[in-house]
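Here is how the chains run, residue by residue.
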Amino acid sequence: MMLLTAHLPILQVILPLIAAPLCVLLRGPRLAWGLSVLASWGCFAIAIALLRQVLAEGSVSYALGGWAAPWGIEYRVDVVNAFVLLIVSGISSVVLSGARAGIEAEVAKDRIELLYTCWLLCLAGFLGIAVTGDTFNVFVFLEISAISSYALIALSGRRRALIASFRYLIMGTVGATFIVIGVGLLYMVTGTLNMADIGARLPAVAESRTVAAAFAFLTVGIGLKMALFPLHLWLPNAYTYAPAPVTAFFAGTATKVAVYLLLRFTFTIFGADYAFATVAMEWILLPLAVLGIFSASLVAIFQLDVKRLLAWSSIAQIGYMVLGISLVSVTGLTASTLHLFNHALIKSALFMTMACVFYRIGSTQLADFAGLGRRMPWTMAAFVVGGLSLIGIPLTVGFVSKWYLILALLERGWWPLSVFVVLSSLLAVMYVWRVVEMAYLQPATSNAKPCEAPASILIPTWALVLANLYFGIDSSLTVGIAQRAAESLLGVSS
Amino acid sequence: MAALLIPLAGAVLLPLVGRWPNVREALTLLCASLLFFCVATLTPAVLAGARPEWVLWEFFPGLQLAFRLEPLGMIFALVASFLWIITSIYAIGYMRGNQELKQTRFYVCFALALAATIGIAFAGNLLTLFIFYEALTLSTYPLVAHKENAEARAGGHTYLGVLLSTSIAFLLLAILWTWSATRTLDFRVGGILAGSVHGPMIGLLLALYVFGVGKAALMPFHRWLPAAMVAPTPVSALLHAVAVVKAGVFTVVKVVVYIFGVDLLKGEPSADWLLYVAAATILIASMVALRQDNLKRRLAYSTVSQLAYITLATAILAPLSLVGAALHIAAHAFGKITLFFAAGSIYTAAHKTKVSELDGIGQRMPWTMGAFAIGSLSMIGVPPTVGFVSKWYILQGALSAGQLFAVLVIFASTLLSAAYYLPVIYVAFFRKPATRGDQSGHGEAPWPMVLALVLTAAGTMLLFSLLGLPLDLAKGLVGA
């Protein structure tokens, strides 16, 4: 047992990586699904164990293959990435558990095993990005996750999914290239790839133009990956045309991991002093966040496809996280980290309801939602709760995020922005309520019968919805972790 | 503290028995009676000066979900829970008489709304209050949009739009401002803001609070109230004459007394605007009410104006006027619910909604119109109705504070409300029915409705003579 706990960081990545090819070997979609669900829950268990370990003992360092840190690859887990690992593996497990029916309905029969393989590879990539303490290793896992996610989107079988996937591929590759250029430049000036090591050596060479160039390349590259406005154009189509369970998985993980990367590079590697005092990054991030929140919410209001509407809302929500980061304060980073977790719960729950709807209706067009409140009462109730959480009504997680974000803004004395945040959540009311009204107040077009989604999708959906309520009511756990994460990023001890 | 759980339990159980209407309605009545009993048993302790507290759990570090009983909340909870019993009786008659659809949903949302109301009444800090405030908005939305036609959808739109956006945009911001300035949100005697917020900022924060509480229907955020009149009449009666709107003014009074503190506001000229906005709302809403032909809309504008009375009384900041404000919460509730009951019973029996169609209806529906007359008198403020008492206290407070302006406004609005209520009574009793032949002989509304409106009309008179309890509670508010 001692032996196993010592190797948790690497097990976190190895487990899905080994399970992925096994999925292809196992003939039969059910078996592959079963295996990947097991693997994913295993990852979740490891993530919980890691988080407990980190909370109790401080950060964990793991030398890959026994090679010591600056030369070998180091996996380093502190509160920040332990939290991200928990989010990613948790969302993946719950969504995957409810994905079987939806995927069998949407994906061609002979490719289902491939989808689960890609899913696990993608999961391994996300977890790898989060767990590693080596910048080049980040790039490797980034590519693993990206390439498998292009395949996941394309597997939907719809023709437009191919275009969406291709577009994502182009943008994603540009992003990855930028990141690898940035990492290369950093290697050039510091001679090391280890994050902590770079962090220690950078202040000596901080004045050089090479470092500034590295910083720019990395920020833009990560910005592309996390769909930061105006680099978000790949996201709406990718989310809309991917199989519905895959969208639910991405919504809770892909952009979150990218936000984590931004946090890691900005605060651990470059350091808050360099990023915000020398380069004044808040004046880049802040306007982009504000513009992103506003324009994406506005676009969301006019969408005719609910999945696309939620995708645009995701872009706006990324803006909230970036806004919190650009405040460079403990409360601001707490708000961002909290929202990372909370938004993963919100959006995954909402996209799971989309999976329910698509499974029964075969469409997520707003017009087809007419009368769904009667026909799929449990699904739509889940949507309403998720929607309220997205708006930020008290007793949901969305409220907790908003509370801390506005508090952080007030602490900095940025009045107009706090007004802006509350106003922008009114836009969320508008786009959520369009769907609610359509579902509950518009009579169904034909004499349609009740067609509640099967329990296999509904139970995971409701698990996410209840998590939305639970963490909205008792936020002490998440707030506590987020606060510690923020403190460790800023290097302040409480 | 079972008070909060009773309506909640009702909301859970109601859908289970939704198939049997008799059981469902018996359950509603049972919940309502139990709730009132529960609230009533709490009253003596509060009167004796106890302030029982109940902390549920910590919401944010240092900020709990907590309940704390105090006199004003007691008045509000007593009125709301008592009138829920009567409204339930009335609703049974109304919903069956008009063969409304989806009655189970109706009763469930009603119970939820009551739970939220009790939560507001007993809230121990601003955050708890805010949570139940939003819950009240959301649980009443399905009631407003109950008919599910285009008009109901539009009404629901306005309702949700105004209430949700004001609360999120202003109220939440004001609460966060208070929290970041003082690190507490508790309701304390004497207020918590003194020393943390200065100068014109006080006026600004007050504006955020008062306009943030859209439920208080202060102009220009009053539009949701007439829009909500598309709801079935029992909803208009209990929620939009008692629970929802009173939750609004209740919050305003609480914020002024327990968050700002009367003394802080008295010394701050930038907070004076509240008096004038309230006065303007009283007068403008009264004049709009004059021009409404639709009876329920006329009542709605009258509500806007009467709510502004309470805000005005609070803004005068004199102890006596605060007593008047607290009393007026009860007085207006009884009077206005009677009027709405009457409007609903006219609609059920005669299918009429306009004042101009009511010629001679007093002869066919003597009980209904008799009650309507009593309710109107209470609105105008004529003894022996309870409306007179609350107005008396507000006037005394205004005089003691030397607010001649407020006194003038109250007199003017008394005349105006006489001008829009008396004609209704006049046409109902003293004008002959316009067309005799085609009137198929309708009589009174179903007996549960008549019973309910007679009870509330009697209540307005009884409260006048049995004023002791509410008066003691109201005095507890100002610590007199």
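Residues numbered from 1 in each chain as written. Chains lettered and ligands numbered in written order. Predicted model: local features only at pLDDT ≥ 70, side-chain atom pairs only at ≥ 80, totals over all residues.

A.B. asks: Looking at this structure, I do not really get the overall build of chain A. What am I missing?
C.D. replies: Along the backbone of chain A there are 21 helices and 2 strands. Here chain A has a C-alpha radius of gyration of 21 Å; the compact-globule value for 494 residues is 23 Å, and the two agree. Along the first, second and third principal axes, the C-alpha set of chain A runs to 75 × 55 × 40 Å. A burial count over chain A gives 61% of its 494 residues as buried. In chain A, of all internal contacts separated by at least 6 residues, the share reaching a separation of at least 24 is 79%. (Helix = DSSP H or I, 4+ residues; strand = E, 2+ residues; numbered from the N terminus. Rg over C-alpha atoms; globule rule 2.2 N^0.38 Å. Buried ≥ 20, exposed ≤ 12 C-beta atoms within 10 Å, placed from the backbone. Contact = placed C-beta atoms within 7 Å.)

A.B. asks: Explain the domain arrangement of chain A to me, please; I cannot follow it from the model alone.
C.D. replies: How big an interface is tends to be expressed through the accessible area that disappears when the partners come together. Residue and element names in this part refer to chain A. When cut into domains, chain A gives domain 1 (1-279) and domain 2 (281-494). Distance between the C-alpha centres of domain 1 and domain 2: 22 Å. With 40 residues of domain 1 in contact, the opposing surface of domain 2 contributes 46 residues. A per-element tally of the side of domain 1 that touches domain 2 places helix H12 (residues 244-278) first, with 16 residues. By residue class, the composition of the side of domain 1 that touches domain 2 is 28 nonpolar, 9 polar and 3 charged. (Domains from an automatic or database assignment. Nonpolar A, V, L, I, M, F, W, Y, C, P; charged D, E, K, R; others polar.)

A.B. asks: Explain the interface of chain A and chain B to me, please; I cannot follow it from the model alone.
C.D. replies: Across the contact, 22 residues belong to chain A and 19 residues belong to chain B. When residues of the side of chain A that touches chain B are traced back to their parent elements, those giving at least two are helix H18 (397-412), helix H19 (415-441) and helix H21 (476-490) of chain A. Looking at the side of chain A that touches chain B, its residues break down into 15 nonpolar, 4 polar and 3 charged.

A.B. asks: Just to check I follow, could you spell out the nonpolar core for this structure?
C.D. replies: The nonpolar side chains of soluble globular proteins are, as a tendency, buried together. Counting residues in each nonpolar core, the largest one holds 405 residues, and the members touching the most others are Ile153 of chain A together with Ile75, Val79 and Leu312 of chain B. Considering every element that reaches this core, the biggest residue donor is H12 of chain A, with 21 residues. Formed jointly, this core draws a minimum of three residues from each of two domains, domain 1 (1-279) and domain 2 (281-494) of chain A. What leucine 312 of chain B contacts, discounting residues up to four positions off in sequence, is Leu275, Ala278, Ala279, Ile282 and Ala406 of chain B. (Core = buried A, V, L, I, M, F, W, Y, C linked by C-beta atoms within 7 Å.)

A.B. asks: Can you walk me through the confidence of the model for chain B in this structure?
C.D. replies: Caution applies to low-pLDDT regions: their predicted coordinates should not be interpreted in detail. Put simply, chain B has an average pLDDT of 82, and 96% of its residues get 70 or more. With a pTM of 0.88, the predicted complex shows an ipTM of 0.82. (pLDDT = per-residue confidence, 0-100.)

A.B. asks: What is the right way to read helix H7 (residues 200-212) of chain B from this model?
C.D. replies: Residues lying three or four places apart along an α-helix face the same way, a consequence of the helix completing one turn every 3.6 residues. Taking 1.5 Å of rise per residue, the 13 residues of H7 of chain B would be expected to cover 18 Å, and the 18 Å separating its terminal C-alpha atoms lies within 8% of that figure. Packing partners of the buried residues in H7 of chain B comprise helix H6 (150-182), helix H9 (233-260), helix H10 (262-266) and helix H11 (273-290) of chain B. (Expected span 1.5 Å × (residues − 1).)

A.B. asks: Please explain helix H20 (residues 455-473) of chain A as it appears in this structure.
C.D. replies: Relative to the 27 Å expected for 19 residues at 1.5 Å per residue, H20 of chain A spans 26 Å between its end C-alpha atoms, a close match to the ideal helical length. Summarising the contacts, the buried residues of H20 of chain A are in contact with helix H4 (79-97), helix H5 (100-106), helix H15 (330-361), helix H17 (377-391), H18 and H21 of chain A.

A.B. asks: It is not clear to me how the environment of methionine 449 of chain B should be interpreted in this structure. Could you clarify?
C.D. replies: All names here are of chain B. Secondary-structure assignment places methionine 449 in helix H18 (residues 447-465). Under the C-beta neighbour-count criterion, methionine 449 is labelled buried, with 28 such atoms within 10 Å. Spatially, the C-alpha atoms of methionine 449 and threonine 348 are 9.5 Å apart, while their sequence positions differ by 101 residues. Setting aside its immediate chain neighbours within four residues, methionine 449 contacts Tyr90, Gly93, Tyr94, Phe341, Gly344, Ser345 and Thr348.

A.B. asks: Hey, could you run me through the packing of helix H12 (residues 295-316) of chain B against helix H17 (residues 404-430) of chain B in this one?
C.D. replies: Think of two packed helices as two axes; the pair is described by the angle between the axes and how far apart they sit. Residues and elements named next belong to chain B. In contact at an axis separation of 12 Å, H12 and H17 are set at 165° when each is read in the N-to-C sense. Relative to H17, the element H12 lies roughly antiparallel. The interaxial crossing formed by H12 with H17 has left-handed handedness. Each of Arg298, Ser302, Ser305, Leu312 and Ile316 in H12 lies in contact with H17, whose residues at this interface are Ala406, Ser413, Ser417 and Tyr420. The residue inventory of the contact of H12 with H17, partitioned by class, reads 4 nonpolar, 4 polar and 1 charged. (Axes fitted to C-alpha atoms, helices over the stretch in contact; angles between N-to-C directions. Parallel < 35°, antiparallel > 145°, perpendicular 65-115°, else oblique. Left-handed = near helix turned anticlockwise from the far one by under 90°.)

A.B. asks: Help me understand the pairing of strand E2 (residues 63-68) of chain B in this model?
C.D. replies: Side-chain positions along a regular strand alternate between the two faces of the sheet. Residue and element names in this part refer to chain B. With 6 bridges joining them, strand E1 (residues 53-60) and E2 adopt antiparallel strand pairing. Across the sheet, tryptophan 54 pairs through a bridge with phenylalanine 67, a residue of E2. The antiparallel pairing of E1 with E2 creates a hairpin that spans 2 residues between the two strands, and glycine 62 there sits at a positive phi of about 85°. (Pairing = 2+ DSSP bridges.)

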